[in-house]
Amino acid sequence: MAKVIYKLEDDISTDIIYPGRYMATVLPTETPQYAFADIEDLNKMLNDKKAPPNSVIVAGKNFGCGSSREQACSTLKGYELIIVARNFARIFLQNSINLGLQTIVCPDAEASVGDDMEISADKLINKTSGKSFEIIPLPQARQAIIDAGGLIPYTRKRLIEKAGK
Amino acid sequence: MLQTVVQKILARASGKNHVEVGEVLEPRVDLAMSHENAALVLNQFLEIYDGTGIEAKVWDPSKIAIIFDHRVPAESKKTATNQKKIREFVAEQSISKFHDIRGDEMGICHQILPEYGYVRPGYVVVGTDSHTTSHGALGAFSFGIGATEMASVWTLGSILNVEVPATIKVIVNGKFQKYVAPKDLILYLIGKLTAEGANFKVIEFHGDTIKNMDTSGRLTICNMSVEAGATSGIVPSDEETVRYLRDVAGVKDEINLVVPDPDASYDRIIEIDASTLVPQIACPHTVDNVKPVNEVEGLKIEQVVIGSCTNGRLDDLEIAASMLKGKKIAKGTRMLVFPASGNIYREALVRGYLYDLMEAGAVIANPGCGPCLGVHQGALGDGERALSTTNRNFKGRMGNPISEVYLCSPAVAAASALTGVITNPNNGSK
Ligand code: SF4
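Given the structure is predicted, the values throughout are model-derived calculations rather than measurements. Within each chain, residue numbers correspond to sequence positions counted from 1 in written order. A letter from A marks each chain and a number from 1 marks each ligand, given out in the order of writing. The model is predicted, so local features are restricted to residues of pLDDT at least 70 and side-chain atom pairs to those at 80 or more, both for listing and for counting; the totals for chains, interfaces and linings are taken over all residues. The basis for every side-chain value is the complete set of non-hydrogen atoms in the structure, without hydrogens or water.

Here we look at the domain arrangement of chain B
The accessible area lost on association of the parts is a frequent measure of interface size. All names here are of chain B. We count it as follows: Domain ranges listed in this record stem from an automatic or a database domain assignment. Here the quantity called buried area is the accessible surface, traced with a 1.4 Å probe, that two parts lose on coming together, added over both. Any carboxyl oxygen of Asp or Glu within 4 Å of a side-chain nitrogen of Lys or Arg constitutes a salt bridge here. Here a polar contact means two N or O atoms within 3.5 Å. Within protein one must be a hydrogen donor candidate and the other an acceptor candidate, and residues neighboring in sequence count only if both atoms are side-chain atoms. Helix numbering and strand numbering both begin at the N terminus, where a helix is a DSSP run of H or I of at least 4 residues and a strand a DSSP run of E of at least 2.
What the domain assignment reports for chain B is domain 1 (5-272) and domain 2 (280-425). Each of domain 1 and domain 2 has a C-alpha centre, and the two are 25 Å apart. Summed over both partners, the interface of domain 1 with domain 2 buries about 2,900 Å², with 58% contributed by carbon and sulfur atoms. When residues of domain 1 are sorted by the area they lose upon contact with domain 2, Ile108, Tyr179 and Lys183 head the list and together hold 22% of the total. Here glutamate 227 ties to arginine 392 by a salt bridge, and the two come within 3.0 Å at their closest N and O atoms. Linking domain 1 with domain 2 are 24 residue pairs in polar contact (both at pLDDT 80 or more). Those elements giving two or more residues to the side of domain 1 that touches domain 2 turn out to be helix 4 (109-115), helix 6 (182-193) and helix 8 (215-224).

As for the nonpolar core
Residues and elements named next belong to chain B. Rule in force here: Residues enter a nonpolar core if they are buried and are Ala, Val, Leu, Ile, Met, Phe, Trp, Tyr or Cys, with the set joined through side-chain atoms within 4.5 Å. When a residue's accessible area, from a 1.4 Å probe over protein chains only, is under 20% of the maximum for its type it is buried; when over 50% it is exposed; and in between it is partly exposed. Only heavy atoms matter for contacts: two residues are in contact if any of them lie within 4.5 Å across the pair.
Core analysis: the largest hydrophobic core is formed by 48 residues, its most contacted members being Ile66, Val126, Phe143, Met150, Val153, Trp154 and Ile159. Of the residues forming this core, the biggest block, eight residues, is contributed by helix 2 (residues 38-49). Once you skip the residues sitting within four places of it in the chain, valine 126 turns out to touch Val29, Leu31, Ala32, Met33, Thr132, Phe143, Ile145, Met150, Val153 and Ile159. In terms of nonpolar packing, the next biggest core, distinct from the first, is built from 43 residues, Ile168, Phe205, Phe394 and Leu407 among them.

A closer look at the interface of chain A and chain B
Listed as interface residues are 46 residues of chain A and, on the opposing side, 49 residues of chain B. Taken over both partners, the interface formed by chain A and chain B buries close to 4,100 Å², and the fraction arising from carbon and sulfur atoms is 58%. Interface area lost by chain A to chain B is led by Arg90, Ile152 and Leu159 of chain A, which between them contribute 16%. Two residues, glutamate 196 of chain B and lysine 61 of chain A, come together in a salt bridge whose shortest N-O distance is 3.9 Å. Between the two partners, chain A and chain B, sit 22 residue pairs in polar contact (both at pLDDT 80 or more).

Examining unusual backbone geometry
A cis amide bond, omega -25°, links valine 72 of chain B with the succeeding residue proline 73 of chain B. Locating proline 73 of chain B in the fold gives a position in the loop between strand 3 (64-67) and helix 3 (77-93). A cis amide bond links proline 284 of chain B with the next residue in sequence, histidine 285 of chain B, at an omega value of -10°. Mapped onto the fold, histidine 285 of chain B is located in the loop between strand 12 (280-282) and strand 13 (290-292). At asparagine 54 of chain A, a residue that is not glycine, the phi angle is positive and equals roughly 70°. By secondary structure assignment, the location of asparagine 54 of chain A is in the loop between helix 2 (40-47) and strand 2 (56-58). A positive phi angle is found at serine 308 of chain B, which is not glycine, with a value near 90°. By the secondary structure assignment, serine 308 of chain B is in helix 10 (residues 308-311).

Comments concerning the sheet that holds strand 2 (residues 31-34) of chain B
Across a sheet, strands are paired by hydrogen bonds formed along the backbone, either parallel or antiparallel in direction. Residues and elements named next belong to chain B. What counts here: Only when DSSP finds a minimum of two bridges between them are two strands counted as paired. To define axes, lines are fitted to C-alpha atoms, for helices over the stretch in contact only, and angles between the resulting N-to-C directions are given on a 0 to 180 degree scale.
The strand order 4-3-2-5-6 describes an open sheet built from five strands, whose pairing is parallel. The sheet is open, and its two borders are formed by strand 4 (97-99) and strand 6 (141-144), each paired with just one other strand. Going across the sheet, the axis of each strand differs from the next one's by a mean of 15°, ignoring polarity. Along the sheet, helix 5 (residues 147-156) makes contact with strand 2, strand 3 and strand 5 (124-127), crossing strand 2 at roughly 140°.

Quick look at the pattern of salt bridges
The full count for this structure, using the stated rule, is 34 salt bridges over all chains. Here glutamate 118 of chain A and lysine 127 of chain A are joined by a salt bridge, their closest N and O atoms 3.2 Å apart. For glutamate 118 of chain A, a relative accessible area of 36% translates into the label partly exposed. Salt-bridge contacts for arginine 102 of chain B lead to aspartate 104 of chain B; the nearest nitrogen and oxygen are separated by 2.8 Å. Residue class for arginine 102 of chain B comes out partly exposed when judged on its relative accessible area of 44%. Several salt bridges converge on common partners, so that one network encompasses Asp11 and Lys61 of chain A together with Glu196 of chain B.

Next comes the structure, spelled out in structure tokens:
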């Protein structure tokens, strides 16, 4: 079961997720401290470890728009968050797939903070309200990367194949 | 069988004659660009090789470009150390397209790539920067990717799982009115499309206005295509592309133009009459919150910024200098100018633009990203408002979440610097 810990509006940019002034910090082990640095209560909740893995953030449309900075993904992945949005900006979505951050495309999701969610391959069920919502699956081509455990192991496999030839 | 430019480019890069929208390909990459975030790419690259027993070597050091621009000269020991690590890696791997912190050849990555002839029509270009869309100005298919994806490109030389994007055709005809520029056109288009209107799609630009637009203007419109969510913007290569590559970039070898089939099929077609456009402005805190400048005239501004990969080129500095020459910037307003490259800086110096701007009260910064991403220079104070020729006005973009950024053309920025309030240059300096 996954609990909704926060709700965000439309067009949450990578500047909101991971402000530019922290860009000199690059390592996935170090980025989580700055997640949503300008949304103080959310940043505090995460840093105080009040959000267990698989906590859900529900956002509107175009989540992750803006910069290609991968810190915006690693910072969220560090807390094993699940992001539910109406849709995602292209580079953010690709980065999420590459790093294994769970992003759920759910155009009609309705949820409030504190609601319990159950997520399956094609449905998001809000256990609190009893309503269920359709999930749009990822493009098939992307699934191979997820199945391999992310882009690093996927590329490593390809590298070994290439070297073996 | 009719194809858009991007379909043609992707077909060639994948060894095919024809590709369909939605088809999944693994095209080879002609140019792979990073800036300071090469530090993260490097980390991920070494992780790919970790435990394989294979020596970590990039696939082709001549096809990798690394340009220091985001935080130059370094603002912190962390950045300086990242830059040092990258410098060592560049030397070790013999990466040739490297632009370090040097006055004579530094600049913003999206300016350096065209200026040095690194991008050619028909190329597949990827960059660890969302504004990599810029290079569509030279007829390349050019898009932003993340650092891990770049590490994969460095390893394999191809980009995994690219879906052939659908294309939106934008046809622009007519002549711009005085003080209306390519920046106004792209702001207007983003306002129309919205910030997600072109998500996962390419914008292909056509029409007389585009034909007559020089590469500088084309870079501006392709640069900001990503603000409508587009994977890339692209101007099919033509005589202007050849002129730019030969005369400005000094390219000597063969240039192969790639143009779309006349009846290629498009996702949608948008027509714009450029002659009816007035100066535009993007209001906080989203780039698609676009209005004619008249609607916000009179708002007080504390900072004016002229520069960035969008509008930091010679023609941008020229118009600002011509409007400010012999005048003074309003008291209470600071103006920061950061040329997009060392070559532009030098030329603006020789032509006297920098002198005119400085005499008017502007601060001339070194080439680089400067205040654009709010990490290095020119942060805003609490409650302050900036008017900027950059490309993003997201909350906190200029270093402070309780400040505002408005986006406009260099002409609007210069006219407003004189008055200290947002001003339409067509209304004269009041
Ligand atoms: S000038 Fe701004 S938008 Fe352009 S590359 Fe630099 S930070 Fe990015």
